[in-house]
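# Survey of secondary and tertiary structure
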Amino acid sequence: MYCLICRELEQKLEDQRVEFAELRCSASFGVSTKRAASKNVDMEQVRSELQDHRSVCAFASAVPVALDPRETRAGRGTVAA
């Protein structure tokens, strides 16, 4: 069983990561640093929402998931199936 709110917030965070990565790779990144900064803030807000929700979610304690993709590459996090 999995929490629907966790799943929605995780999807929102992944969408924000993709948008930010695409923006950073775009040719306009050097010109539009305000937009990139705004996207980064949006991504961090979603990450914070997810962390806050997980601190009270009964399902989250049973299924640990890395919030930062770098954690999984370094072997410090666990990714749920």
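About the criteria used
- Residues numbered from 1 in each chain as written.
- Predicted model: local features only at pLDDT ≥ 70, side-chain atom pairs only at ≥ 80, totals over all residues.
- Heavy atoms only, no water.
- Helix = DSSP H or I, 4+ residues; strand = E, 2+ residues; numbered from the N terminus.
- Buried < 20%, exposed > 50% of the residue type's maximum accessible area, 1.4 Å probe, protein only.
- Contact = heavy atoms within 4.5 Å.
- Areas by Shrake-Rupley, 256 points an atom, 1.4 Å probe, with all protein chains shown as cover.
- Expected span 1.5 Å × (residues − 1).
- Arc of directions from axis to C-beta.
- Salt bridge = Lys/Arg side-chain N within 4 Å of Asp/Glu carboxyl O.

### Digging into the overall build of the protein
- Within the protein, the regular secondary structure consists of three helices and zero strands.
- Starting at the N terminus, the α and β elements of the protein follow one another as α-α-α.
- Expressed as a percentage of the 81 residues in the protein, the buried residues total 27%.
- Counting only contacts in the protein whose residues sit at least 6 apart along the sequence, the fraction spanning at least 24 positions is 53%.
- Surface summary for the protein: the accessible area is close to 5700 Å², and the carbon and sulfur share equals 54%.

### Observations concerning helix α1 (residues 4–25)
- When the terminal C-alpha atoms of α1 are compared, their 32 Å separation across 22 residues agrees well with the 32 Å that a helix rising 1.5 Å per residue should span.
- Of the positions making up α1, those classed as buried are Cys6, Leu9, Leu13, Gln16, Arg17, Phe20 and Leu23. The arc that holds the buried residues of α1, viewed along the axis, is 130°, so those residues lie on one side. Residues of α1 that are exposed and angled more than 90 degrees away from the buried face: Leu4, Arg7, Glu22 and Cys25.

### Structural notes on the pattern of salt bridges
- Counting across every chain of the model gives four salt bridges.
- For Glu10, the salt bridge is made with Arg54, and the minimal N-O distance between the two is 2.3 Å. Remark: Arg54 occurs in helix α2 (residues 33–56) and Glu10 occurs in helix α1; sequence separation between them is 44 residues.
- Classification of Glu10 as partly exposed rests on a relative accessible area of 22%.

### Looking at α2
- Over its 24 residues, α2 runs 35 Å from end to end, which matches the ideal 34 Å to within 8%, given 1.5 Å per residue.
- Along α2, the residues classified as buried are Ala36, Lys39, Met43, Val46, Arg47, Leu50, His53 and Arg54.
- In this fold, the buried residues of α2 make contact with α1.

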